[in-house]
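Per-entry structural report
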Amino acid sequence: MNRSATLHAVLSVLCLLGGGVGCSGEVEQTGETPSGIVPDSGTPDRDDAGTPDRDAGTTPDAGTPDAGTPDAGSADAGSSDAGASDGGTDAGTPDAGSFDAGVVIPGDGGTQVTGTLPSRLTLAGSPYRVVGNAQYVVTIPKGQTTTVDPGVVIDFKGNPAVTNADVRDGAQDVMNHQNGRVELRVYGRILVQGTASAPVTFTSTNPHGWWGVNFFGDQSKGDGDPVFRHMVFEKVRKNDYNGDRDRTRGALWAYYPGPVTIEHSLFRDNEASGKCGALDLMFTDGSVVTDTLFENNRTRDIDRFATGDGATSGGGAMCVTHGRNSTVRGNTFRDNTLSAFRGSQSNALQPRTYEVWPNGANHYDLGGGGALHYFQPDHDLIENNVFENNAAVRGPGAALYLEDVPNAGVTLRGNTFTGNQAGAGGVIVCNRGGGNATELVLGAGNTFSGNTVNGAAAPQVTGDCAR
């Protein structure tokens, strides 16, 4: 989708909702409840610095074993491409195969999956039609490693017959959501082993999309770290406003206490209502995202805590939240959009102006970043990426927003920023930088052209880190 079409879609949403766009102010809640429970509307914390293991008491839903009897026949285990990444030399040309036409899913055949994802997904058993259990959940249980072979298509179809008449609607729901969608909860390990010529596809034929792939902190620390190679990841709709993290942020929500590896992949047409339209690396350590295209992902936030103090938005495509030692290299972020609304306990939405910190009202405007949002970054590297035509509508940070930066934050080098748009700040915005050392290193080779703020030429860097 081109930039004008994306903005037109955003403005259309605003018209339908009857409100304006405000920029974001993060108000994060600790102790959030697991999916399926009515969201807690209690007092939110001031930011995202709450206790990491908010799901510590949740018992993994191992569900009913796969009723579809997967075909474990000729697994093409030897053809997976586990090769080395390009080291960042391929700045913005992801080696993920030809995706534009999309995958064609046949109307019959394949393997139905209910409660538990099989330990091996083979081309012979593809497409895997994921329905989920009675709660529309499918799991990789503790102790299981699920390996996905090249060319496999996973259709998270859930219950396509569910309509808008079947959604929950109440005082805490600014917009409806639909419970017929299915999610994958990972408590074991997942290895996605696509190749350039035969990528693995995570998609959905459900007209309402699906709930994405979710990890749950220490509960998801399996027998090895997750790896996603040569993957297409699309059509997630996490628009459960005022809901839990696994239903509001990151189509791939990797709340995981270790490294997550994503290489040669494509995230497209995913949408979140809280933060991080496509990907949220939360509390990860040493994660690597390389040679991947993030295109037309969206965060459309409506303050899920309904406090009136701002919205919890950030990152039209991706976030690194409380992470450290991450590397984001050789990727393209194109046509991703962040838009945020001030919430309330009704469908009436109000615009809210961007406020710098500190201010007399004690408002923390923590959100921002048309493409990327970092919260409490710690020795993170952003290198040789292309940021093109991303937009933070009426908000700060046309491409990148750095929030609550400690002493050693983020290093940027060799990145290209072109045609990104924002309503406040610059192309890169740093807010509440709190350290006494170097918070942002703007290294060699970064280039900026055609970026705008409210139609005027955008400064390269604004905020605390620009001092």
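This text goes with the structure placed above it.
Residues numbered from 1 in each chain as written. Predicted model: local features only at pLDDT ≥ 70, side-chain atom pairs only at ≥ 80, totals over all residues. Heavy atoms only, no water.

1. Remarks on the state of the cysteines
Following the criterion strictly, the structure yields one disulfide and no others. Bridging Cys276 to Cys319, the disulfide has an S-S length of 2.2 Å. Given an S-S torsion of about -100°, the disulfide between Cys276 and Cys319 has left-handed geometry. One end of the pair, Cys276, is in the loop between strand 17 (271-272) and strand 18 (279-282); the other, Cys319, is in strand 22 (residues 318-321), with 43 residues separating them in the sequence. (Disulfide = S-S within 2.5 Å. Helix = DSSP H or I, 4+ residues; strand = E, 2+ residues; numbered from the N terminus.)

2. Considering the pattern of salt bridges
Here the idea is simple: oppositely charged side chains can pair when their charged atoms come close. A full pass over the atoms with the stated rule returns 16 salt bridges. Here Arg247 makes a salt bridge to Glu183, at a shortest N to O gap of 3.6 Å. With Arg247 in the loop between strand 13 (237-238) and strand 14 (252-255) and Glu183 in strand 7 (residues 183-186), this residue pair connects regions lying 64 residues apart in the sequence. Taken individually, Arg247 and Glu183 each receive the classification buried, so the pair is uniform in this respect. A salt bridge links Asp280 to Arg249; the shortest N-O distance between them is 2.8 Å. With Asp280 in strand 18 and Arg249 in the loop between strand 13 and strand 14, this pair connects stretches of sequence that are 31 residues apart. (Salt bridge = Lys/Arg side-chain N within 4 Å of Asp/Glu carboxyl O. Buried < 20%, exposed > 50% of the residue type's maximum accessible area, 1.4 Å probe, protein only.)

3. Here's the deal with the sheet that holds strand 12 (residues 231-234)
Reading across from one edge, 1-3-6-9-12-16-20-24-28-32-36 is the order of the 11 strands in this open sheet, with parallel pairing throughout. Looking at strand neighbours, the two that pair on one side only are strand 1 (111-113) and strand 36 (447-449), the edges of this open sheet. Here the strands of the sheet are splayed against their neighbours by 10° on average, with no regard to which way each runs. In this structure, strand 9 (residues 200-203) lies alongside strand 12, joined through three bridges in parallel fashion. Each bridged residue has a counterpart across the sheet, and for Val200 the counterpart in strand 12 is Met231. (Pairing = 2+ DSSP bridges. Axes fitted to C-alpha atoms, helices over the stretch in contact; angles between N-to-C directions.)

4. Observations regarding the packing of aromatic side chains
By the definition in use, this model includes 15 aromatic pairs. Arranged with centres 5.3 Å apart and planes meeting at 45°, the rings of Trp253 and Tyr255 form a pair that is tilted. Each member of the pair, Trp253 as well as Tyr255, carries the same accessibility label: buried. Members of the aromatic cluster, each reached through a chain of ring pairs, are Phe156, Phe202, Trp210, Phe233, Phe267, Phe294, Phe333, Phe387, Phe417 and Phe448. Directly above the aromatic system of Trp211 lies the positively charged group of Arg181, at a separation of 4.1 Å from the ring centroid. (Phe/Tyr/Trp six-rings, centres within 6.5 Å; stacked < 30°, edge-to-face > 60°. Lys NZ or Arg CZ within 6 Å of the ring centre and 35° of its normal.)

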